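Fold and geometry: a report
Given next are the chains, with one letter for each unit.
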Amino acid sequence: MGMGFVVGVFGAVILAHAAYSTIQYRALLKIVEEEFSRPPINVVVELLLGLVFCMWAALTVPGKFLSILPHSEQNRIVSLPANLDFMIFNHRGKVFPLEMDLKLKH
Amino acid sequence: MAGHNDSSAAEKKSSELTSDIPTFNAENLQSNMKIIYYSRTFLSIIGGVIAGILGFTGWTGFIFYFLVMAITSVGLVAKAGFSIDSYFNSWNQVILDGFFSGLMSFVLFWTFAYDMVHIF
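Definitions and limits used
- Residues numbered from 1 in each chain as written.
- Chains lettered and ligands numbered in written order.
- Predicted model: local features only at pLDDT ≥ 70, side-chain atom pairs only at ≥ 80, totals over all residues.
- Heavy atoms only, no water.
- Helix = DSSP H or I, 4+ residues; strand = E, 2+ residues; numbered from the N terminus.
- Buried < 20%, exposed > 50% of the residue type's maximum accessible area, 1.4 Å probe, protein only.
- Areas by Shrake-Rupley, 256 points an atom, 1.4 Å probe, with all protein chains shown as cover.
- Axes fitted to C-alpha atoms, helices over the stretch in contact; angles between N-to-C directions.
- Left-handed = near helix turned anticlockwise from the far one by under 90°.
- Contact = heavy atoms within 4.5 Å.
- Nonpolar A, V, L, I, M, F, W, Y, C, P; charged D, E, K, R; others polar.
- Phe/Tyr/Trp six-rings, centres within 6.5 Å; stacked < 30°, edge-to-face > 60°.
- Lys NZ or Arg CZ within 6 Å of the ring centre and 35° of its normal.
- Core = buried A, V, L, I, M, F, W, Y, C linked by side-chain atoms within 4.5 Å.
- Expected span 1.5 Å × (residues − 1).
- Polar contact = N/O pair within 3.5 Å; in protein donor to acceptor, adjacent residues only side chain to side chain.

**Let's talk about the overall build of chain B**
The helix and strand tally for chain B stands at 4 helices and 1 strand. Helices and strands in chain B line up, N terminus first, as β-α-α-α-α. By residue count, 40% of the 120 residues in chain B fall in the buried class. In the structure as shown, chain B presents an accessible area of about 6,900 Å², 66% of it carried by carbon and sulfur atoms.

Given below as structure tokens:
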């Protein structure tokens, strides 16, 4: 999580630098009295780079996806609560049939 | 011994029946939806700043917003490993949910960045 955060901040810094470059470019255009159509190519490249970094940070920083299947390794429907005094047994888990191997006995 | 039968044909696992009841861990699903929401909001803001710096006005900016959201959808599906069955209930939750929630933030930061760079 720390690494993703650093990458995100770095992307934001790149964007700020691109904004500053564009402001200076516009000041230059004002002196030369030309129209502004688009920022120079290096600023566009910088913006794309900042977008890539921020996108990577946005996908990794909020956290990992957790599995929602009931039988996956991460999830255990049955787990002892931390406080043993307040265990509840009358819950909706009784809808599930018992997980036992049923063998026909003689 | 006549009725004794311990062949594997008589064994029955009752755990197969749990798949009849569609169940999922709701708390994890909620956490996953929150992650999607955070990602989309952050990228809407970043997209707004970029649109402002590039000087987009009018429909071009909104097209840029939909482009950023589409790339975000692809990124989220890639993050889920292209097998979203174990993380979400349906494809719509990943691709379409929150598509428009970042629009207001996008426009806010778009006008903000445009003012800072081009007008002020």
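Further notes follow.
**With respect to the packing of helix H1 (residues 26–54) of chain B against helix H4 (residues 103–119) of chain B**
All names here are of chain B. Contact geometry for H1 and H4: axes closest at 7 Å, N-to-C directions at 35 degrees. The crossing of H1 and H4 is right-handed. Contact residues: Ser44, Ile45, Gly47, Gly48, Val49, Ala51, Gly52, Ile53 and Leu54 in H1; Ser105, Phe106, Phe109, Trp110, Ala113, Tyr114, Val117 and His118 in H4. Its residues placed into classes, the contact of H1 with H4 shows 11 nonpolar, 6 polar and no charged.

**Section: the environment of A:Gly63**
The topology assignment puts A:Gly63 in the loop between helix H2 (41–60) and strand S1 (101–102). Remark: the alpha-carbon pair of A:Gly63 and A:Asn90, spanning 27 residues in sequence, is separated by 33 Å. Discounting residues that sit within four places of it in the chain, A:Gly63 has contacts with B:Ile35 and B:Lys79.

**Let's talk about the packing of aromatic side chains**
A ring pair, where both rings are aromatic, is described by two values, the distance of the centres and the angle of the planes. On inspection of all chains with the given rule, the structure shows 12 aromatic pairs over all chains. On the numbers, 5.4 Å between centres and 55 degrees between planes, the contact of A:Phe10 with A:Phe53 is tilted. Note that A:Phe10 is positioned in helix H1 (residues 2–32) and A:Phe53 in helix H2, a separation of 43 residues in sequence. Accessibility expressed as a relative area gives 44% for A:Phe10, which makes it partly exposed. On the basis of an interplanar angle of 50 degrees and a centroid distance of 5.5 Å, the ring pair of B:Phe56 and B:Phe64 is categorised as tilted. Given a relative accessible area of 22%, B:Phe56 falls into the partly exposed group. Here B:Phe64 falls in the buried class, since its relative accessible area comes to 14%. Aromatic rings pair up to connect B:Trp59, B:Phe62, B:Tyr65, B:Phe66, B:Phe100, B:Phe106 and B:Trp110 into one cluster. One cation-aromatic arrangement involves B:Lys79 over A:Phe65; the distance from NZ or CZ to the ring centre is 5.2 Å.

**Here's the deal with the nonpolar core**
Ranked by internal contacts, the top residues of the largest apolar core, which has 26 residues, are A:Leu15, A:Leu47, B:Ile46, B:Ile50, B:Ile53, B:Phe64 and B:Phe106. The element best represented in this core is H1(B), accounting for 7 residues. Here B:Ile46 is in contact with A:Leu15, A:Leu51 and A:Cys54, once residues within four sequence places are set aside. Formed by 14 residues, the second largest nonpolar core is a distinct cluster that contains A:Ile68, B:Ile35, B:Ile84 and B:Tyr87.

**Let's talk about H1(B)**
Given 3.6 residues per turn, any residue in an α-helix points the same way as the ones three and four places further on. If you check H1(B), its first and last C-alpha atoms are 42 Å apart, about what 29 residues at 1.5 Å a residue would give, namely 42 Å. Downstream of H1(B) by a residue or two, B:Gly55 has a phi angle that is positive, lying close to 85 degrees.

**A few points about the side chain of B:Ser39**
Tracing the backbone through its elements, the reader meets B:Ser39 in helix H1. What makes B:Ser39 buried here is its relative accessible area of 1%. At 2.8 Å, the side chain of B:Ser39 forms a polar contact with the backbone oxygen of A:Ala58. Leave out the neighbours within four places in its chain, and B:Ser39 touches A:Ala58, A:Leu59, A:Pro62 and B:Leu76.

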